[in-house]
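In case you want the letters, here they are:
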Amino acid sequence: MPANSISFASYARLLRGNANFRRLWTAQVISEIGDWFYMVALYTMLLEFTGSARLLGFAFVLQVLPQALTGPLAGVVNDRLRRRQVMIATDLMRAVIVTCMLLVRSPRMVWLVFPLLAAETVMWGLFEPARNAVIPNLVGKEEIIVANTLASTTWSLNLFLGSALGGVAAVLLGRDAVYLLNGFSFLASAWLISRMKFLEPHVESLPMWRARDLVNFSAIRDGISYVRSRPRLAATVFVKAGLGVTGASWVIFPIMGRSVFPITGAGISPQRAALLGMSALLGARGLGALIGPVLAAPWAQQRLPRLRLGVLLGFFVYGAGYLALGFLRHAPAAYAVVVLSHTGGAMVWVFSTTMLQLMSDDKFRGRVFSAELSFCTVMLAATAYAAGFAIDHGIDVRVVAMVTGALTIFSGFLWLLLGMFQSNESQPLTTGY
């Protein structure tokens, strides 16, 4: 497929002609819609049972930070074992974990949410680098940006649908049904991935896995040396850490949904109004993230200067939206700004992922993506907890949104310094680093 053929037809060709990628994509659709239903129900339950923004921030910390702590190990596992098996095992474990949320029946049982979230995050931290690392094994090099754009827009569409409908589902079906649906979604994902058949060259020449390999740090040192010796790869590994400053949004949106932009009406209780308000904001986020890569990928193709410029512009658009959110008073304007802002954030995510896949060797790719995810999740956790702490101590949520926007724009300037000037290459990225 020529590099200039990125279009809606190219996404259809990829899904129609590549059974392995189609199964991975279908698994993503099913599990992510279940995840967003689950997130809306879980966060509104925490607000209902505790009323604490700080605990909301702490819950988000537990959804990301354990991955950072286990990230080096996850990278080694994904470079030593078959990544397909890693994805299946972690999906099965997550099905059990999210179903255990049914045990949280009252404020006295809220403590159980936190270890369950931490355990789920460890599984996600093993799954996500495996998924990113196998994409170059499933598609041709010229299709990598098509595959990444499709995966990102699918995530965004799932966020849009899952968040917009998640509040309605929780209201009509109840939280218990939502937790069960999410558990079944992981089982379906594991079944689809088990039907994938593809080569995994990173394990072909390796000796049999042994338990003591878990404490062999030479593989971690090799991964660090590999990244450090490649300046443009190293700069790109940190891009999503800059994007991670918007971890605060996972506190900002529930609080704004409750106190600034609730969806009220006859017979709607305050709890349901807050739930629907949060759903609408997250749905707007998903719509923006859906639009961004679809519009930008045909322009960027796989050309390094355009991918880098797209990351820079994405940071500035993303940050400007959060700055504007601090001044808005009407819900429709807020939704529009959230849509626009997250077009930029999605561009940053897709373009940086594409660059890493093209620049890294297969045998190191698990460690590269685990490192990237670790740096990102540290920032997500720190800013989410800081946002919750600030709001609980009297800082207006609008001010927190504006600070988040300013920090995102600052991340764009750092990328300008670290990433934009690493190389003056202009050729398409169609080979490894």
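Not measured: the values here are computed from a predicted model.

> Go over the overall build of the protein, please, and point to the residues and values.
Within the protein, the secondary structure is distributed over 16 helices and 0 strands. In the protein, the share of contacts with a sequence separation of at least 24, taken over all contacts with a separation of at least 6, comes to 87%. Accessible area of the protein: about 17,200 Å², with a carbon and sulfur share of 68%.

> Any details on empty space enclosed by the protein? Residues and values, ideally.
Tallied over the full model, the rule gives 3 cavities of 30 Å³ or more. Space inside the largest cavity adds up to approximately 1,100 Å³. Along the wall of the largest cavity there are 43 residues; nearest its centre are E32, W36, W124, W155 and W349. Looking at the lining of the largest cavity, the elements that each hand over two or more residues are α2 (19-50), α3 (53-80), α5 (113-138), α6 (144-173), α12 (270-300), α14 (331-359) and α15 (365-392). For the lining of the largest cavity, the element with the highest residue contribution is α2, accounting for 9 residues. Among the residues making up the lining of the largest cavity, the classes are represented as 22 nonpolar, 14 polar and 7 charged.

> Describe the packing of helix α11 (residues 249-259) against helix α16 (residues 397-418), naming the residues involved and giving the relevant values.
The geometry of α11 relative to α16 is characterised by a closest axis approach of 10 Å and an angle of 150 degrees between their N-to-C directions. The pairing of α11 with α16 is recorded here as roughly antiparallel in orientation. α11 and α16 meet at a crossing whose hand is left-handed. Residues I252, I255 and M256 of α11 touch α16, and the partners they reach there are V397, R398, V400, A401 and T404.

> Let's hear about the nonpolar core: which residues, and what values?
One recurring pattern in soluble globular proteins is that nonpolar side chains are buried together. Grouped together as the largest cluster of nonpolar side chains are 124 residues, with contacts concentrated most on L42, V113 and M256. The element contributing the most residues to this core is α2, with 15 residues. When residues no more than four places from it in sequence are discounted, the contact partners of V113 are L42, M45, L46, M101 and V104.

> If you had to explain the packing of aromatic side chains to someone new, which residues and values would you point to?
This structure, assessed with the given rule, holds 7 aromatic pairs. Taking the centre distance of 4.1 Å and the plane angle of 5 degrees together, the rings of Y226 and F364 count as stacked. Placement of Y226 in helix α8 (residues 218-228) and of F364 in the loop between α14 and α15 is noted, with a sequence separation of 138 residues between them. Neither residue differs from the other here; Y226 and F364 are each classed as buried. One aromatic cluster in this structure is built from F253, Y318 and Y322.

> I'd love a proper account of the pattern of salt bridges, names of residues and values included.
Once their charged atoms are close, side chains differing in charge can pair, the charge on each being opposite to the other. Throughout the structure, instances matching the rule amount to 10 salt bridges. Put simply, R367 and D79 hold a salt bridge, and the shortest N to O gap is 2.7 Å. Taken together, the positions of R367 in helix α15 and D79 in helix α3 put the pair 288 residues apart, joining distant regions of the chain. Among the residues examined, R367 registers a relative accessible area of 16% and is labelled buried. Owing to a relative accessible area of 4%, D79 belongs among the buried residues under this scheme. One salt-bridge network, in which partners are shared between bridges, spans D79, R83, D362, R365 and R367.

> Explain the packing of α3 against α15 residue by residue, including any values.
Viewed as axis vectors pointing N to C, α3 and α15 meet at an angle of 165 degrees, and their least axial separation amounts to 7 Å. In terms of their interaxial angle, α3 and α15 are classed as roughly antiparallel. Here α3 runs over α15; the crossing is left-handed. When its residues are assigned to classes, the contact of α3 with α15 shows 18 nonpolar, 10 polar and 5 charged.

> I'd like a rundown of the environment of S52, residues and numbers included.
One can find S52 in the loop between α2 and α3. The class for S52 is buried, based on a relative accessible area of 12%. C-alpha separation for the pair S52 and I391, spaced 339 residues apart in sequence, amounts to 9.2 Å. Those residues within four positions of S52 in sequence are excluded, and the remaining contacts are L47 and D392.

> Which residues make up α16, and what are the values?
Compared with the 32 Å implied by 1.5 Å per residue over 22 residues, the 31 Å span of α16 between its first and last C-alpha is a close match. For α16, the full list of buried residues reads V397, R398, V400, A401, T404, G405, T408, S411, G412 and W415. Buried positions in α16, seen along its axis, are confined to an arc of 160 degrees and lie on one side of it. The secondary structure elements touched by the buried residues of α16 are α9 (231-237), α10 (239-243), α11, α13 (304-325), α14 and α15. Near the N-terminus of α16, the side chain that reaches the backbone nitrogen of R398, with its oxygen 2.7 Å away, is that of D396.

> Could you give me a rundown of a nonpolar patch on the surface, with the residues and numbers involved?
A cluster of nonpolar side chains, L92, L180, F184 and L187, forms an exposed patch at the surface whose accessible area comes to about 360 Å². It is helix α7 (residues 175-194) that contributes the most residues to the nonpolar patch, 3 residues altogether. Considering the arrangement of structural elements, one finds L92 in helix α4 (residues 83-99). Since its relative accessible area comes to 40%, L92 is described here as partly exposed.

The rules we used
- Residues numbered from 1 in each chain as written.
- Predicted model: local features only at pLDDT ≥ 70, side-chain atom pairs only at ≥ 80, totals over all residues.
- Heavy atoms only, no water.
- Helix = DSSP H or I, 4+ residues; strand = E, 2+ residues; numbered from the N terminus.
- Contact = heavy atoms within 4.5 Å.
- Areas by Shrake-Rupley, 256 points an atom, 1.4 Å probe, with all protein chains shown as cover.
- 1 Å grid on protein atoms, 1.4 Å probe; cavity = no way out; pocket = protein on both sides within 12 Å on 5 of 7 lines; lining within 4 Å.
- Points joined across faces, edges and corners; volume = space filled by probe spheres on them.
- Nonpolar A, V, L, I, M, F, W, Y, C, P; charged D, E, K, R; others polar.
- Axes fitted to C-alpha atoms, helices over the stretch in contact; angles between N-to-C directions.
- Parallel < 35°, antiparallel > 145°, perpendicular 65-115°, else oblique.
- Left-handed = near helix turned anticlockwise from the far one by under 90°.
- Core = buried A, V, L, I, M, F, W, Y, C linked by side-chain atoms within 4.5 Å.
- Buried < 20%, exposed > 50% of the residue type's maximum accessible area, 1.4 Å probe, protein only.
- Phe/Tyr/Trp six-rings, centres within 6.5 Å; stacked < 30°, edge-to-face > 60°.
- Salt bridge = Lys/Arg side-chain N within 4 Å of Asp/Glu carboxyl O.
- Expected span 1.5 Å × (residues − 1).
- Arc of directions from axis to C-beta.
- Polar contact = N/O pair within 3.5 Å; in protein donor to acceptor, adjacent residues only side chain to side chain.
- Patch = residues over 30% accessible without salt bridge, like charges linked within 9 Å, V, L, I, M, F, W, Y side chains within 5 Å.

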